[in-house]
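Observations on chain architecture
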Amino acid sequence: MTTLRSDFLHTITERGFFNQCTDLDGLDSRLSAGTVTAYIGFDCTADSLHVGSLLPIMLLRHLQKSGHKPIVLMGGGTTRVGDPSGKDEARKLLSDDDIARNMAGIKQVFGKFLTFGDGPTDAVMVNNADWLDQINYIAFLRDFGRHFSVNRMMSFDSVKLRLEREQPLSFLEFNYMILQAYDFLELSRRLGCALQMGGSDQWGNIVNGVELGRRVDARDLFGLTVPLMTTASGAKMGKTAQGAVWLNAERLSAWDYWQFWRNTEDADVGRFLKLFTELPIDEINRLADLEGAEINEAKKILANEATRLAHGAAAAAQAAETAKRTFEEGAAADSLPTVAIPAAELTTGIPAFALFARAGLAASNGEARRLIKGGGAKINDDAVGSETDLIGTPHLKDGVIKLSAGKKRHVLIKAE
RNA sequence: GGAGGGGUGGCCGAGCGGUCAAUGGCAGCAGACUGUAAAUCUGCCGACGAAUGUCUACGUUGGUUCAAAUCCAACCCCCUCCA
């Protein structure tokens, strides 16, 4: 890789975002010459995005910060088809209502990371349902279908892998890449968009769009992908026991979000700092070189920075403070997740297993019993003797009862 | 349309009349060791119940049987080959 002149490409390669590009030199020149408009598409398959989407979101953020214009494309239309990339099975079809609801949830996330508006480098959000829903089948086939070679489409991983594994691929899904290619063309026509970015699994879809633009409009379009994120031990990024690591506070509290980053594997700290914070590279290198227990300092900084971006400085500071009180001082920080129980019930006392289940520390009474039998449950930092012990008013300390499941999961019980 | 094969717990995958809440692996939870890490080792891992236990589960619906995930029938879905 030779020297890159544009700030954007320089930054993202340095920070580990770069996977591949259709024409790196050409893109570099274009970015150096002036403002470039670029887009990334997002599925509307859930009502929030999760950490898996954070990489492309950060990419758009860097794009905007280096003086270019990001477009967030909501896949309101394409979600109705379903992207087969990287999947062995067709996703179940979502209803239009679901899609609309999901889109509303996702929109909230972007406001934290990008500046929206009407200015030349302000981000805009568009929905591909706006044009895909209008398509006339025959006209579309004649105008664009002829530019796609089925032979070629079969060679793209999203299709090829499915066929090789003898997994079914419906014609509906087969069309996905054509629609995504068409999106790029539409965006280039409507908004002068010249670059599509996405995860490495989107490469085939992106290339198709670049080619369609050249064939139909003789446009120079570019594609760029970011690597697929996995942790150092090979797990997919952003999935935990409780489910995905959501970016919406409604789906996952800032405290849990902070904890997710705090628990990063050692081997990932440097890489994650580069990708998910905006600290200077020198500082990151220094942090990543910390050894042994010292690297915990780097993890705290990672958690602080990442939480600040998604939930704001105040939430990040509070999470950090709560963590300090809870883990370093062993105290019951009053900002731990709290569950209110009617005072009358506490007076009577609640069996320990039932309390753990109600606090959300166990999914069922049975699981709570197992937790207690296995010695992982604590009340006010003392192991619970028996699952049927009555817990109530006598256990209140400073007005709260601290329940712990293992070392990391804590909940405060308060009377109401 | 014809001939085969298959649908089992979050996933993969055994079981093929009772001893099956169902071997094993993965994932997950907890414990030990550590540093709120990884790796490793140990325990747990359907729901409800203090408990003998009760209930719900092996594509769906019926049937045979004292007894079915296991046998039979119909139906639904998937795969392979043939037309």
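The structure presented is a predicted model; accordingly, all values stated were derived computationally and were not measured.

1. Regarding the overall build of chain A
Summing up its helical and strand segments, chain A has 19 helices and 15 strands in all. If one aligns the C-alpha atoms of chain A with their principal axes, the spans along those axes are about 75 × 45 × 40 Å. Residues counted as buried form 49% of the 416 residues belonging to chain A. For chain A, long-range pairs separated by at least 24 residues make up 72% of all intrachain contacts whose partners lie at least 6 apart in sequence. Approximately 19300 Å² of chain A is accessible, and the part contributed by carbon and sulfur atoms is 49%. In chain A, 47 side chains carry a positive charge and 53 a negative one; their mean positions are 2 Å apart.

2. Examining the packing of helix α12 (residues 254–262) against helix α15 (residues 295–311)
Where α12 meets α15, the axes come as close as 8 Å, and the angle between the chain directions of the two elements is 140°. Where α12 crosses over α15, the handedness of that crossing is right-handed. Judged by residue contacts, Ala254, Tyr257, Trp258, Trp261 and Arg262 of α12 engage Asn296, Lys299, Lys300, Leu302, Ala303, Asn304, Ala306, Thr307, Ala310 and His311 from α15. Here the contact of α12 with α15 is built from residues that sort into eight nonpolar, four polar and three charged.

3. Let's talk about the sheet that holds strand β11 (residues 377–379)
Within a sheet, neighbouring strands are paired by backbone hydrogen bonds and run either parallel or antiparallel to one another. What the five strands build is an open sheet, ordered β9-β15-β14-β11-β12; its pairing is mixed. A strand with exactly one partner marks an edge of an open sheet, and here the two such strands are β9 (338–341) and β12 (382–383). Of the strand pairs in this sheet, β11 and strand β14 (residues 400–405) are connected by three bridges, and their pairing is antiparallel. Each bridged residue has a counterpart across the sheet, and for Ala377 the counterpart in β14 is Ala405.

4. Brief notes about the confidence of the model for chain A
Summary statistics for chain A give a mean pLDDT of 87 and a share of 92% for residues scoring 70 or more. For this predicted complex, the interface confidence comes out at an ipTM of 0.84, alongside a pTM of 0.87.

5. Overview of a nonpolar patch on the surface
On the surface, Tyr137, Ile138, Leu141 and Phe171 cluster together into a nonpolar patch covering about 440 Å² of accessible area. No other element matches the three residues that helix α6 (residues 137–143) contributes to the nonpolar patch. Following the sequence through the fold, Phe171 ends up in helix α9 (residues 171–174). When its relative accessible area of 53% is taken as the criterion, Phe171 is described as exposed.

6. Some details on the side chain of Asn248
Of note, Asn248 is situated in the loop between β8 (243–244) and α12. Note on Asn248: relative accessible area 6%, which makes it buried. Non-local contacts of Asn248, meaning those with residues more than four positions away in its chain, are made with Asp47, Ser48, Gly105, Gln108, Val109 and His311.

7. Remarks on the domain arrangement of chain A
You can read the domains of chain A as domain 1 (7–226), domain 2 (253–328) and domain 3 (338–415). For domain 1 versus domain 3, the distance between C-alpha centres works out to 47 Å.

8. Some words on the packing of aromatic side chains
With the rule as written, the count across this model stands at ten aromatic pairs. Aromatic side chains Phe140 and Tyr182 sit 5.1 Å apart centroid to centroid with 90° between the ring planes, which places their arrangement in the edge-to-face category. Of this pair, Phe140 sits in helix α6 while Tyr182 sits in helix α10 (residues 176–191), and the two are 42 residues apart along the sequence. Residue classification places Tyr182 among the buried positions, given a relative accessible area of 8%. With centroids separated by 5.0 Å and ring planes inclined at 75°, the aromatic side chains of Phe260 and Trp261 adopt a geometry described as edge-to-face. Here the two residues Phe260 and Trp261 agree in accessibility, since each one is buried. An aromatic cluster is present here, built from Tyr257, Phe260, Trp261, Phe272 and Phe276 joined pairwise through their rings.

9. Details of the pattern of salt bridges
All told, the structure shown has 18 salt bridges when counted by the stated rule. Measuring nitrogen to oxygen at the nearest pair gives 3.9 Å for the salt bridge that ties Arg215 to Glu211. With a gap of four residues between them, Arg215 and Glu211 both fall in helix α11 (residues 203–217), about one helical turn apart. With relative accessibility at 46%, the residue Arg215 sits in the partly exposed group. On the basis of relative accessible area, Glu211 is assigned to the buried category, the value being 12%. Across the pair Glu297 and Lys300 runs a salt bridge whose closest N-O atoms are separated by 3.2 Å. Placement of the pair is Glu297 and Lys300 together in helix α15, with a separation of three residues, close to one helical turn. Given the relative accessible area of 44%, Glu297 is considered partly exposed. One network of salt bridges, with partners in common, ties together Arg61, Lys65 and Glu278.

Calculation rules
- Residues numbered from 1 in each chain as written.
- Chains lettered and ligands numbered in written order.
- Predicted model: local features only at pLDDT ≥ 70, side-chain atom pairs only at ≥ 80, totals over all residues.
- Heavy atoms only, no water.
- Helix = DSSP H or I, 4+ residues; strand = E, 2+ residues; numbered from the N terminus.
- Buried < 20%, exposed > 50% of the residue type's maximum accessible area, 1.4 Å probe, protein only.
- Contact = heavy atoms within 4.5 Å.
- Areas by Shrake-Rupley, 256 points an atom, 1.4 Å probe, with all protein chains shown as cover.
- Lys, Arg positive; Asp, Glu negative; His and termini not counted.
- Charge placed at Lys NZ, Arg CZ, Asp CG, Glu CD.
- Axes fitted to C-alpha atoms, helices over the stretch in contact; angles between N-to-C directions.
- Left-handed = near helix turned anticlockwise from the far one by under 90°.
- Nonpolar A, V, L, I, M, F, W, Y, C, P; charged D, E, K, R; others polar.
- Pairing = 2+ DSSP bridges.
- pLDDT = per-residue confidence, 0-100.
- Patch = residues over 30% accessible without salt bridge, like charges linked within 9 Å, V, L, I, M, F, W, Y side chains within 5 Å.
- Salt bridge = Lys/Arg side-chain N within 4 Å of Asp/Glu carboxyl O.
- Domains from an automatic or database assignment.
- Phe/Tyr/Trp six-rings, centres within 6.5 Å; stacked < 30°, edge-to-face > 60°.

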